[in-house]
Amino acid sequence: MNEPQRKALYRIPEAMRQLSLSRSVIYELIRGGRLRTVKEGRTRLVPESAITEYVSLLERESTKGVAA
C-alpha cells in the first residue's frame, strides 16, 4: 500500500491529481481566487495548505442551507 507522498508545494499536474480535477478547472479556480498559488520563477505551485483550504471550502459550501 503506497500512500501518496505529501509535499509542501505541488506543480499544477500534481494538484490536478490530488483534487481529481482537469487542468482547465484548476486554472479556472486559480483565476477565480478559489485556489491559491505561489510562483517560484516561472513555475506556478499550489501549496498543500491551499489544497486543504479548497477542500474545506467545498465542504462548507455543500453543508450551507442543510437543516441541522
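As a starting point, this report considers the structure included with it. (Residues numbered from 1 in each chain as written. Predicted model: local features only at pLDDT ≥ 70, side-chain atom pairs only at ≥ 80, totals over all residues. Heavy atoms only, no water.)

1. Observations regarding unusual backbone geometry
- With phi around 55°, S20 is a residue other than glycine that occupies positive phi space.
- Taking relative accessible area as the criterion, S20 reaches 65% and is therefore assigned exposed. (Buried < 20%, exposed > 50% of the residue type's maximum accessible area, 1.4 Å probe, protein only.)

2. Considerations on the pairing of strand β3 (residues 43–47)
- Examined bridge by bridge, strand β1 (residues 9–11) and β3 share three bridges and lie antiparallel to one another. Along β3, the bridge assignment pairs L9 with P47.
- Between strand β2 (residues 38–40) and β3, which follow one another and run antiparallel, lie two residues, and G41 among them has a positive phi close to 65°. (Pairing = 2+ DSSP bridges. Helix = DSSP H or I, 4+ residues; strand = E, 2+ residues; numbered from the N terminus.)

3. With respect to the nonpolar core
- Counting 12 residues, the largest nonpolar core consists of Y10, I12, A15, L19, I26, L29, I30, L35, V46, A50, I51 and Y54.
- When residues of this core are traced back to their parent elements, those giving at least two are α1 (12–19), α2 (23–31) and α3 (48–63).
- For I26, the contacting residues outside a window of four places in its chain are I12, A15, M16, L19, L21 and L35. (Core = buried A, V, L, I, M, F, W, Y, C linked by side-chain atoms within 4.5 Å. Contact = heavy atoms within 4.5 Å.)

4. Observations concerning the packing of α1 against α3
- The geometry of α1 relative to α3 is characterised by a closest axis approach of 11 Å and an angle of 35° between their N-to-C directions. As for how α1 packs across α3, the hand of that crossing is right-handed. Side by side, α1 and α3 meet where A15, Q18 and L19 of the first sit next to I51, Y54 and V55 of the second.
- Considered class by class, the residues forming the contact of α1 with α3 number five nonpolar, one polar and no charged. (Axes fitted to C-alpha atoms, helices over the stretch in contact; angles between N-to-C directions. Left-handed = near helix turned anticlockwise from the far one by under 90°. Nonpolar A, V, L, I, M, F, W, Y, C, P; charged D, E, K, R; others polar.)

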